[in-house]
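# Reading the structure
Listed here are the chains, written in short residue letters.
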Amino acid sequence: MSRVLLIVGGGIAAYKACEIVRLLRKAGHGVRCVLTEGGSHFVTAMTLAALSEEEVHTTLWDLKDEAEMGHIQLSRQADLIVVAPATADLLARMAAGLANDLATTLLLATDKPVLAAPAMNVRMWLHPATQRNVSQLRADGITVMEPDEGAMACGEFGPGRLPEPTAIITRIELLLANGPGGSAPQALGTGHRPLVDKHILVTAGPTHEPIDPVRYIANRSSGKQGFAVAEALASLGARVSLVAGPVALATPAGVTRIDVETAREMAAAVDRALPADAAIMVAAVADWRAEGAAEQKLKKAAGGIPSLQLVENPDILATLGHSPNRPRLLVGFAAETEHVVTHARDKLARKGADWIIANDVSGDVMGGDTNTVHLVSAGGVETWEHMPKANVARRLADRIAATLQDPVQPG
Ligand code: C5P
């Protein structure tokens, strides 16, 4: 059993701290909570005390605490300090080395690893001051997670959402097992973690291309294969950024998910997530979008049937394949209904990828749980037997790990 000191900052995401406490307790860890003044406006000390089964600390000026347990002792008794949610203000005070409340005093006094899971408005996260503070904290040896991207409580969209509690727990387990570098081979689960220092970008799911505010062009992709790939890579220790189109799937543990809707949003999110050691583009990106989507709902009218003018979307894979930022290993997927391998060979060259995983989607592959794939590379074609998508993902993740460990360029 490890002991985690959880500092709960003042933001709407503070309610998710309750889930973090619950998951830590379920995993057999001891948790002590420190609630900041701001945090106490969002969750109560009573809730955290009930979940942690420990006293909750809120103030630096508690004579009883100072007599029985000084703030230095409180931080020293923990194996790891977790700040979640880490607000812009808390990050700024941490970076400046301030000690003007119990939380920051503990953070300044500690000699234990610290993990910060940020949550704030997108503009606050992207502000140069916050980015400067995050860089400073990372340089100081603090592990600052990337926030998730998506719709926010304030109504805006972008990076700034607290990472999923399951993702925070995965990082906690890694830090508890390995310390801030997180690079010892015996962490989490299997113990086989060959991708531990690698960042891998995965795209998954369909894209939705609006026709008007209520209609869109889509395809039958479920995202299952891409999510399975992200999960398999994370279980081998990789830091995974998963850019996901609209799908109804849970975020795999340990994966940073960025939700997008259109091909152009996906292209921008991919660009922002770089650099990466490898990119696995599983998404079924719409090739075309409606030119100039209508601002109001199209109406049935005397004018007759509206005509849709389509324009081409950016080819994210091909752009990456020919960019100076190209990851060392670039893998595309190709869903085909005929001449599967011939088309895949053609795509390999055209898109500048190292491998194309080609699959025949003429049956019920899209939305289903199994897949038959061919790995097409400059070296030839390998056909894998029919298997569950999770097994395709694991075999692919093993191949990626073997390739990234090999100092020679993939082929
Ligand atoms: O050309 P096709 O759509 O069959 O190619 C499939 C591969 O290219 C997939 O890896 C897919 O993610 C990627 N792709 C893309 N951007 C597009 C179209 C496809 O990245 N606009």
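Residues numbered from 1 in each chain as written. Predicted model: local features only at pLDDT ≥ 70, side-chain atom pairs only at ≥ 80, totals over all residues. Heavy atoms only, no water.

Its volume calculated, the second largest pocket comes out at about 1000 Å³. Along its surface, the second largest pocket is lined by 43 residues, and Ala283, Ala284, Val285, Phe333 and Ala335 are the ones closest to its centre. Contributions of two or more residues to the lining of the second largest pocket are made by helix H10 (224-235), strand S15 (310-312), helix H12 (316-321), strand S16 (329-336), helix H13 (340-351) and strand S17 (355-360). In terms of residues, the lining of the second largest pocket owes the most to one element, S16, which gives four residues. Residues that form the lining of the second largest pocket fall into these classes: 21 nonpolar, 13 polar and nine charged. (1 Å grid on protein atoms, 1.4 Å probe; cavity = no way out; pocket = protein on both sides within 12 Å on 5 of 7 lines; lining within 4 Å. Points joined across faces, edges and corners; volume = space filled by probe spheres on them. Helix = DSSP H or I, 4+ residues; strand = E, 2+ residues; numbered from the N terminus. Nonpolar A, V, L, I, M, F, W, Y, C, P; charged D, E, K, R; others polar.)

Quick look at the sheet that holds strand S1 (residues 3-8) now. Strands belonging to one sheet form pairs held by backbone hydrogen bonds; the direction of such a pair is parallel or antiparallel. Read from one edge of the open sheet, five strands run S2-S1-S3-S4-S5, paired in parallel fashion. The strands lining the two open edges of the sheet, one partner per strand, are strand S2 (30-35) and strand S5 (143-144). The strands touched by helix H2 (residues 45-52) are S1 and S2; relative to S2, the strand with the most contacts, the crossing angle is about 170°. Where helix H5 (residues 88-96) meets the sheet, its contacts fall on S1, strand S3 (80-86) and strand S4 (114-118), and the angle it forms with S3 comes to roughly 135°. (Pairing = 2+ DSSP bridges. Contact = heavy atoms within 4.5 Å. Axes fitted to C-alpha atoms, helices over the stretch in contact; angles between N-to-C directions.)

Let's shift gears to the packing of helix H1 (residues 15-26) against H2. Contact pair H1 / H2: the axes reach a minimum separation of 9 Å and the direction vectors enclose 10°. The orientation of H1 with respect to H2, classified from their angle, is roughly parallel. For the pair formed by H1 and H2, the contact residues are Cys18, Val21 and Arg25 on the first element and Thr47, Leu48, Leu51 and Ser52 on the second. Looking at the contact of H1 with H2, its residues break down into four nonpolar, two polar and one charged. (Parallel < 35°, antiparallel > 145°, perpendicular 65-115°, else oblique.)

In terms of residue burial, S1 counts as a mostly covered element, since five of its six residues are buried. The sheet contact formed by S1 and S2 spans six bridges and is parallel. Paired with Val8 across the bridge in S2 is Leu35. The parallel pair S1 and S2, bridged by H1, forms a crossover whose chirality is right-handed. Taken together, the four bridges between S1 and S3 define a ladder with parallel strand orientation. When the bridges of S3 are listed, Ile7 appears paired with Val83. (Buried < 20%, exposed > 50% of the residue type's maximum accessible area, 1.4 Å probe, protein only. Right-handed = clockwise from strand over helix to strand, strands pointing away.)

The environment of the ligand is made up of Met281, Ala283, Val285, Asp287, Pro314, Asp315, Ile316, Leu317, Gly332, Phe333, Lys347 and Lys351. A distance of 2.6 Å is found between an oxygen atom of the ligand and a backbone nitrogen or oxygen belonging to Met281. At 2.9 Å, a side-chain N or O of Lys351 approaches an oxygen atom of the ligand. In the complex, 89% of the free accessible area of the ligand, which totals 440 Å², lies under the protein chains. Cavity membership is defined here by more than half of the atoms lying within 2 Å of grid points; on that basis the ligand lies in the second largest pocket. Considered class by class, the residues forming the shell around the ligand number seven nonpolar, one polar and four charged. (Near = heavy atom within 4 Å. Polar contact = N/O pair within 3.5 Å; in protein donor to acceptor, adjacent residues only side chain to side chain. Areas by Shrake-Rupley, 256 points an atom, 1.4 Å probe, with all protein chains shown as cover. Sits in = over half its atoms within 2 Å of the grid points.)

Look at H1: 18 Å from first C-alpha to last across 12 residues, which is about the 16 Å you get at 1.5 Å a residue. All of the buried residues in H1 are Lys16, Ala17, Cys18, Ile20, Val21, Leu23 and Leu24. Backbone geometry just after H1 places Gly28 at a positive phi near 95°. (Expected span 1.5 Å × (residues − 1).)

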